[in-house]
Amino acid sequence: MKVEWPAGWGGLPALVLTSERGRTVVLPTAGAKIASLVVDGREVLWRNPHIAIRAAAYGDRYRDYGASGIDICFPSIAPCTLVHPSGCGVEVPDHGEVWALPWEVEALPEGARLRVAGRCWPYRLSMDLHLTGSTLALHTRLENLGREEFPYQWALHPAFPLTPGTRLEWPGTSGPIAGGAGADLRAPGLTLRGCVAKAYVGPLSRGEATLRQERGDVRLHWDVRALPYLGIWISHEDETNPGGRCCLAVEPSAAPEDSLEAAHAAGRAPVLAPGQAREWRMTMEVA
């Protein structure tokens, strides 16, 4: 594998990983967004053709930047207010805060490590990336650097093209535990135009999901102990208009709610104690 840092992509500093079959581009100043994953000459990820990828300002709305590529949602997905044990209220921005923060980069002989420091709470989130053949591997580590525990929601947000033949498979549960707006989660490509739906399934027996596309499959594997839920976001808006989307996000998640406030109130958000660290691994294999 070849590692290039710094490189350039769309006017932004880029980290580029290249294998014998693939190439992925990461944008550290744009929240460590994985902007591109090309395998055997085919772009795997969705990119909104109407919105250029750019770095966000802290607290901005996620939809103003387009649901392109892969983002990390932490410590929430929906904007919310959470009360510290000390009684102070913490405002968590839309889709969390790390997608709108610059990450530090350390190039490694066989990959790269990216790190970001929290603002909502004193934490450090790091992500090691490796590209081998057609498989992208992510190793995430979360550390509580403060004196109080805190709850969190973590979700990977990979956006894929949505076509009539798109199908999604996962083990264990057969239907949504929340949301969905009547959409067929296993056949999201049949969702009616204009529909935007989000649902969670789980807790899962195994951390795996397969996205079946006309041009090849994408298989996700992850640590189900850390991420027991799968979020499914279908956006079948009119893609001919600015801001329009026709994509599907397959989101391994720590909790089954977009709002950390709601997940914590329901007792379903994981909690990290002072000085505690938690790690999990994930792979994305393109067939």
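Everything in this summary refers to the structure shown in the same document.

How each quantity is defined
Residues numbered from 1 in each chain as written. Predicted model: local features only at pLDDT ≥ 70, side-chain atom pairs only at ≥ 80, totals over all residues. Heavy atoms only, no water. Helix = DSSP H or I, 4+ residues; strand = E, 2+ residues; numbered from the N terminus. Rg over C-alpha atoms; globule rule 2.2 N^0.38 Å. Buried < 20%, exposed > 50% of the residue type's maximum accessible area, 1.4 Å probe, protein only. Contact = heavy atoms within 4.5 Å. Areas by Shrake-Rupley, 256 points an atom, 1.4 Å probe, with all protein chains shown as cover. Pairing = 2+ DSSP bridges. Phe/Tyr/Trp six-rings, centres within 6.5 Å; stacked < 30°, edge-to-face > 60°. Lys NZ or Arg CZ within 6 Å of the ring centre and 35° of its normal. Core = buried A, V, L, I, M, F, W, Y, C linked by side-chain atoms within 4.5 Å.

1. What to know about the overall build of the protein
Stage number 1. Within the protein, the secondary structure is distributed over 1 helix and 23 strands.
Stage number 2. Over its C-alpha trace the protein gives a radius of gyration of 18 Å, about what one expects of a compact globule, namely 19 Å for 287 residues.
Stage number 3. Dimensions of the protein, computed from the C-alpha atoms along their principal axes, are close to 50 × 45 × 35 Å.
Stage number 4. Burial status across the protein gives 56% buried among its 287 residues.
Stage number 5. The contacts of the protein with a sequence gap of at least 6 include a subset with a gap of at least 24, amounting to 61%.
Stage number 6. Here the protein displays about 11,500 Å² of accessible surface, and carbon together with sulfur accounts for 51% of that area.

2. What about the pairing of strand β18 (residues 208-213)?
Stage number 1. As defined by bridge partners, strand β15 (residues 167-169) adjoins β18 across 3 bridges and the pair is classed as antiparallel. Counterpart to Arg167 in the pairing with β18 is Arg212.
Stage number 2. Bridge analysis of β18 against strand β19 (residues 216-222) gives 6 bridges, and the strand direction is antiparallel. Across the sheet, the residue bridging to Ala209 is Leu220, located in β19.
Stage number 3. Connecting β18 to the antiparallel partner β19 that follows it, the hairpin turn spans 2 residues.

3. What to know about the packing of aromatic side chains
Two descriptors summarise a pair of aromatic rings, namely the distance from one centre to the other and the angle between the planes of the rings.
Stage number 1. For the structure shown, the criterion picks out 7 aromatic pairs.
Stage number 2. Relative to Trp280, the ring of Trp154 lies with its centre 5.3 Å away and its plane at 75 degrees, an arrangement referred to as edge-to-face. On the criterion of sequence distance, the pair formed by Trp154 in the loop between β13 (150-151) and β14 (155-161) and Trp280 in strand β23 (residues 277-286) is long-range, its members being 126 residues apart.
Stage number 3. Cation over ring: Arg54 sits above Tyr65, and NZ or CZ is 4.1 Å from the ring centre.

4. A few points about the environment of Trp170
Stage number 1. Relative to the helices and strands, Trp170 resides in the loop between β15 and β16 (178-179).
Stage number 2. Setting aside anything within four residues of it in sequence, one finds Trp170 in contact with Leu185, Arg186, Val201, Leu204, Glu208, Ala209, Leu230 and Ile232.

5. Overview of the pairing of strand β10 (residues 111-117)
Stage number 1. Sheet topology note: the strand β9 (residues 104-108)/β10 ladder contains 5 bridges and is antiparallel. In the sheet register, Val105 faces β10, and the bridge partner there is Leu114.
Stage number 2. In sequence, β10 turns back onto strand β11 (residues 123-132) through a hairpin of 5 residues.

6. Some points on unusual backbone geometry
Stage number 1. Residues Phe74 and Pro75 are joined by a peptide bond in cis, for which omega reads 5 degrees.
Stage number 2. Considering the arrangement of structural elements, one finds Pro75 in the loop between β6 (70-73) and β7 (80-83).
Stage number 3. Backbone torsion omega between Gly202 and Pro203 reads 0 degrees, so that peptide bond is classified as cis.
Stage number 4. On the secondary structure map, Pro203 appears in the loop between β17 (196-201) and β18.
Stage number 5. For Asp40, which is not a glycine, the phi torsion comes out positive at approximately 50 degrees.

7. Focus: the nonpolar core
Stage number 1. Grouped together as the largest cluster of nonpolar side chains are 70 residues, with contacts concentrated most on Phe74, Leu125 and Trp154.
Stage number 2. A total of 5 residues in this core trace back to one element, the largest contributor, which is β11.
Stage number 3. Every residue in contact with Trp154, bar those within four places of it in the chain, is listed here: Ile72, Cys73, Phe74, Leu125, Thr140, Leu227, Pro252, Ser253, Ala254, Trp280 and Met282.

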